[in-house]
Amino acid sequence: MTVQRVEVPHPEIERTFTAVRAALPAANVAAFDAELEAITHADVVDLAALDDFLSGWWRIATRAARDPQDWQRMHTEAEEVFSGRRSTGPALAEVLARRGARR
């Protein structure tokens, strides 16, 4: 059996601050603005941090635009885990221990 890769097209989002912000889900815009303000209002603007910021948010915007329902589902599940309404599941060490026991 071989794994077949399914290519999901990336939405075309220009890698600019304006385009990335416009493509973000509404729930993420405030975090984008706050982080950008923190970076740009420093006494000296760290261009590497600014580039990392844009790259990270571009990935988020692209991922969210590719499948908005899946993006929302992920955030809903995370909120359920953080609020205690949903179990986090077993720890990674426990899963690995179980797998090791079956071999």
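For the structure itself, look to the data block above.
So, here's what we can say about the structure.

1. With respect to the overall build of the chain
- Each helix and strand counted, the chain has five helices and zero strands in total.
- Ordered by position from N to C terminus, the α and β elements of the chain give α-α-α-α-α.
- Expressed as a percentage of its 103 residues, the buried residues of the chain come to 18%.
- Of all intrachain contacts in the chain linking residues separated by at least 6 positions in sequence, the fraction that spans at least 24 positions is 52%.
- Split by element, the accessible area of the chain, about 8100 Å² in all, is 56% carbon and sulfur.

2. A look at the packing of helix α3 (residues 47-66) against helix α4 (residues 68-83)
- Two numbers describe how α3 lies on α4: the axes approach to 5 Å, and their chain directions differ by 110°. In this view, α3 runs roughly perpendicular relative to α4, as classed from their interaxial angle. On the side of α3, the interface is formed by I60, R63, A64, A65 and R66, while α4 contributes P68, D70 and W71.
- The class makeup of the residues in the contact of α3 with α4 is five nonpolar, no polar and three charged.

3. Some thoughts on the packing of helix α2 (residues 26-40) against α3
- At a minimum axis distance of 10 Å, the contact between α2 and α3 shows a crossing angle of 170°. The orientation of α2 relative to α3 falls into the category roughly antiparallel. Where α2 abuts α3, its residues N28, A31, F32, E35, L36, I39 and T40 lie against A49, L50, F53 and W57.
- The residue makeup of the contact of α2 with α3, split by class, is eight nonpolar, two polar and one charged.

4. Describing the pattern of salt bridges
- Inspection of the entire model under this criterion finds eight salt bridges.
- Among the salt bridges present, the one from D70 reaches R73, with a minimum N-O distance of 2.4 Å. Separated by three residues within a single helix, D70 and R73 lie in helix α4, roughly one turn from each other.
- Here R86 makes a salt bridge to E80, at a shortest N to O gap of 3.5 Å.
- Classification of R86 as partly exposed rests on a relative accessible area of 37%.
- A network of salt bridges, in which partner residues are shared, links R63, D70, R73, E77, E80 and R86.

5. Some remarks on the packing of aromatic side chains
- Tallied over the entire structure, the rule returns four aromatic pairs.
- Judged by centre distance (6.2 Å) and plane angle (20°), the ring pair of F17 and F53 falls under stacked. Of this pair, F17 sits in helix α1 (residues 17-23) while F53 sits in helix α3; the two residues are 36 residues apart in sequence, bridging distant segments of the chain.
- Look at F53 and you get buried, because its relative accessible area is 2%.
- The rings of F17, F32, F53 and W57 are connected pair by pair, giving a single aromatic cluster.

Basis of the calculations
Residues numbered from 1 in each chain as written. Predicted model: local features only at pLDDT ≥ 70, side-chain atom pairs only at ≥ 80, totals over all residues. Heavy atoms only, no water. Helix = DSSP H or I, 4+ residues; strand = E, 2+ residues; numbered from the N terminus. Buried < 20%, exposed > 50% of the residue type's maximum accessible area, 1.4 Å probe, protein only. Contact = heavy atoms within 4.5 Å. Areas by Shrake-Rupley, 256 points an atom, 1.4 Å probe, with all protein chains shown as cover. Axes fitted to C-alpha atoms, helices over the stretch in contact; angles between N-to-C directions. Parallel < 35°, antiparallel > 145°, perpendicular 65-115°, else oblique. Nonpolar A, V, L, I, M, F, W, Y, C, P; charged D, E, K, R; others polar. Salt bridge = Lys/Arg side-chain N within 4 Å of Asp/Glu carboxyl O. Phe/Tyr/Trp six-rings, centres within 6.5 Å; stacked < 30°, edge-to-face > 60°.

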